[in-house]
Amino acid sequence: MSDEHTWTVRSAADVLLGAEATRTDRHPVTDDWPELDLDTAYRVQDELIARKVAAGEKIVGVKLGLTSAAKQQRMGIGSPLTAWLTDAMILEAGAPVPTGELIHPRVEPEIVFVLGERLEGPGVTAESALAAVRSVYAGVEVIDSRYIDFRFTLPDVVADNASSARFVLGGVELGPADLDLVAETCVLSVNGAVVDTATGAAVQGHPAEALALAANALAERGVALEPGWIVLTGGMTDAVFVEPGDRIDAEFTHLGTVTVTGS
Ligand code: OOG
Ligand code: MG
């Protein structure tokens, strides 16, 4: 498919922000702009976030996507990616997922880090990454691809800021030495029925590997992770749809249970 429109980083950002604002899913940008490569897709992502920042949102951290086999297989993409988190994406614990503001939200359990120290690649290892972590939380990310049926290529999803929509942190804060992140287990239930389970090992072997990956990847874009930043390390299981009235529980061994409901 092609159209008259000449695609640029700016126009792609316009299209994706428009889809979000009007809650209208669309076909992948690469259908119209097959030349969109990964570097350019990250420029679209940066442009989109720069517009949100210009509109008053604040960057509060980063997210990784496609760091587990469960996610990579479902989305049909074999490599992880990074994207931005802003304060507008924060869902307070207990607040319902505003399904009416979103297109087709899905939720996924994640292990979340809050940094105590600046973390700058290249050369960051899982060990040095974990040393920069102040706190570990359970989290649930709400993703909402701007693409029909969550169907996209890697450049498409990178440009779309990795389907970001909302995220919520659990109420239990632990230090990185207080738990075994590889063994930490999450049991995911929808309306009381267990649908999936995974351990921290699902996330790149160790969630700190995902953090190191983010630091090293962002270094290539001239970005360091800052103290206080929140890092979502990526869905441990496949994501599940959240519809009005649904209740989803992500029950972790030591990090508590994060419950989200659909409004
Ligand atoms: C892309 C976002 C992936 C994760 O944790 O793997 C992501 C998607 O699945 O739509 O957030
Ligand atoms: Mg995620």
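Here is what the cut-offs are and how they apply
Residues numbered from 1 in each chain as written. Chains lettered and ligands numbered in written order. Predicted model: local features only at pLDDT ≥ 70, side-chain atom pairs only at ≥ 80, totals over all residues. Heavy atoms only, no water. Helix = DSSP H or I, 4+ residues; strand = E, 2+ residues; numbered from the N terminus. Rg over C-alpha atoms; globule rule 2.2 N^0.38 Å. Lys, Arg positive; Asp, Glu negative; His and termini not counted. Charge placed at Lys NZ, Arg CZ, Asp CG, Glu CD. Donors = N, O, S within 2.8 Å, 3.2 Å for Na, K, Ca; no water. Buried < 20%, exposed > 50% of the residue type's maximum accessible area, 1.4 Å probe, protein only. Near = heavy atom within 4 Å. Polar contact = N/O pair within 3.5 Å; in protein donor to acceptor, adjacent residues only side chain to side chain. Areas by Shrake-Rupley, 256 points an atom, 1.4 Å probe, with all protein chains shown as cover. Nonpolar A, V, L, I, M, F, W, Y, C, P; charged D, E, K, R; others polar. Contact = heavy atoms within 4.5 Å. Expected span 1.5 Å × (residues − 1).

Trainee: In this structure, what is going on with the overall build of the protein chain? I would like to understand it.
Mentor: Helix and strand counts for the protein chain stand at 7 helices and 11 strands. Scaling as 2.2 N^0.38, a compact globule of 263 residues should have a C-alpha radius of gyration of about 18 Å, and the protein chain matches this with 17 Å. For the C-alpha atoms alone, the extent of the protein chain along its principal axes is close to 55 × 45 × 35 Å. Here the protein chain contributes 18 positive and 39 negative side-chain charges, whose respective centroids are spaced 5 Å apart.

Trainee: Explain the coordination of the magnesium ion (ligand 2) here, please?
Mentor: Coordination of the magnesium ion (ligand 2) by the protein is provided by Glu108 (OE), Glu110 (OE) and Glu141 (OE), with metal-donor distances spanning 2.0 Å. Residue class for Glu108 comes out buried when judged on its relative accessible area of 4%.

Trainee: Whenever I open this one, the site of ligand 1 confuses me. Can you help?
Mentor: In the vicinity of ligand 1, 17 residues are found, and the nearest of them are Leu66, Lys71, Glu108, Ser163 and Gly235. Between an oxygen atom of ligand 1 and a main-chain N or O atom of Leu66, the distance comes to 2.7 Å. Within the backbone of Gly235, one N or O atom sits 2.7 Å away from an oxygen atom of ligand 1. Relative to its unbound accessible area of 320 Å², ligand 1 is 100% covered by the protein chains. The set of elements that each furnish at least two residues to the shell around ligand 1 consists of strand E1 (59-65), helix H4 (69-75), strand E3 (106-115) and strand E4 (133-143). The element best represented in the shell around ligand 1 is E1, accounting for 3 residues. Residue composition of the shell around ligand 1, grouped by class: 8 nonpolar, 4 polar and 5 charged.

Trainee: So what exactly am I meant to see when it comes to the side chain of Arg26 here?
Mentor: Structurally, Arg26 is set in the loop between helix H1 (9-22) and helix H2 (29-32). A polar side-chain atom of Arg26 sits 3.4 Å from a polar atom in the side chain of His27. Sequence-distant contacts of Arg26, that is, excluding residues within four places in its chain, are made with Trp7, Val15, Ala19, Asp32, Arg146, Tyr147 and Ile148.

Trainee: Would you mind going over H1 with me for this structure?
Mentor: Helical periodicity: at 3.6 residues per turn, an α-helix aligns residues three or four positions apart in one direction. Taking 1.5 Å of rise per residue, the 14 residues of H1 would be expected to cover 20 Å, and the 20 Å separating its terminal C-alpha atoms lies within 8% of that figure. Listed as buried for H1 are Val9, Ser11, Ala12, Ala13, Leu16, Leu17 and Ala19. Elements in contact with the buried residues of H1: H2, helix H3 (38-54) and helix H6 (154-159). A positive backbone phi angle near 50 degrees is found at Arg23, which sits one or two residues after H1.

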